[in-house]
Structure formats: structure tokens, C-alpha cells
Amino acid sequence: MTSALPRLTLRFDPAPGEAPASYLSRLAMRNGANLESFAVLIGIDLSDLIDGAPHAIEGLAQIADTDPRPLRSASFSRVSTRSFE
């Protein structure tokens, strides 16, 4: 993530229990972009976000100016190639 990026103007808080990738998808739509392009634009690795990587979740929360705790609690964590918890 690039720290020089401003916070999003068109933003909102995640819905209760919303997974980080879902939240990113809704932010992308609200900001007029598709998910993949938006992730690249804001410097979030979509694979890392889906895998529950803390740096990706924290970066998304920072850019969206929201509390990262609900996103962390709703995320999956990759524990092996084909396993999540």
C-alpha cells in the first residue's frame, strides 16, 4: 500500500460480519470501478486481502478511514494451500 494515497471521499463502514473482500467490492462499486482495478489503484493485493493478511486489512481500513477490527473479525486466514480458518 502506498501511504501517500489520500483517504477515499466516497466511503462507508463495513456491514456487520462483512468480509474484507466484500467490503472492498462495495467500495469499488461506490467509487465507479471494478474490484480488480480498484484494488490495484489503492495498492491492495486482492489475494492478500482474501487470505486475511493483516497488512492488507489494515491498509484497506486506513484508506477507507474505518475501524479495522470488524474487518479482521470477519476475515478468513489461510493456514495452508487449500485450508482457511
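Residues numbered from 1 in each chain as written. Predicted model: local features only at pLDDT ≥ 70, side-chain atom pairs only at ≥ 80, totals over all residues. Heavy atoms only, no water.

K.L.:
It is not clear to me how the pattern of salt bridges should be interpreted in this structure. Could you clarify?
P.N.:
Charged atoms that come close allow side chains of opposite charge to pair. Taken as a whole and assessed by the stated rule, the structure comprises four salt bridges. Here Glu18 and Arg26 are joined by a salt bridge, their closest N and O atoms 2.7 Å apart. Relative accessible area serves as the criterion here: at 9%, Glu18 is assigned to the buried category. Using a relative accessible area of 31% as the deciding quantity, one classes Arg26 as partly exposed. A salt bridge links Asp67 to Arg69; the shortest N-O distance between them is 2.7 Å. Relative accessible area serves as the criterion here: at 30%, Asp67 is assigned to the partly exposed category. (Salt bridge = Lys/Arg side-chain N within 4 Å of Asp/Glu carboxyl O. Buried < 20%, exposed > 50% of the residue type's maximum accessible area, 1.4 Å probe, protein only.)

K.L.:
Would you take a moment to explain the environment of Arg30 for this structure?
P.N.:
Within the fold, Arg30 resides in helix α1 (residues 20–30). Each C-alpha atom, one on Arg30 and one on Phe12, is 9.3 Å from the other, the two residues being 18 residues apart in sequence. Among residues more than four places away in sequence, those in contact with Arg30 are Leu10 and Phe12. (Helix = DSSP H or I, 4+ residues; strand = E, 2+ residues; numbered from the N terminus. Contact = heavy atoms within 4.5 Å.)

K.L.:
Would you explain the side chain of Ser75 in this entry?
P.N.:
Secondary-structure assignment places Ser75 in the loop between α5 (68–73) and β1 (78–80). Here Arg72 takes part through its backbone oxygen, which lies 2.9 Å from a polar atom of the side chain of Ser75. (Polar contact = N/O pair within 3.5 Å; in protein donor to acceptor, adjacent residues only side chain to side chain.)

K.L.:
Explain the packing of α1 against helix α2 (residues 35–42) to me, please; I cannot follow it from the model alone.
P.N.:
Geometrically, a packed helix pair is captured by the angle between its two axes and the distance between the axes. Where α1 meets α2, the closest approach of the two axes is 9 Å, and the angle between their N-to-C directions is 95°. In this view, α1 runs roughly perpendicular relative to α2, as classed from their interaxial angle. Side by side, α1 and α2 meet where Ala21, Leu24, Ser25, Leu27 and Ala28 of the first sit next to Leu35, Phe38, Ala39 and Ile42 of the second. (Axes fitted to C-alpha atoms, helices over the stretch in contact; angles between N-to-C directions. Parallel < 35°, antiparallel > 145°, perpendicular 65-115°, else oblique.)

Any functional reading would require information that these geometric values do not contain.
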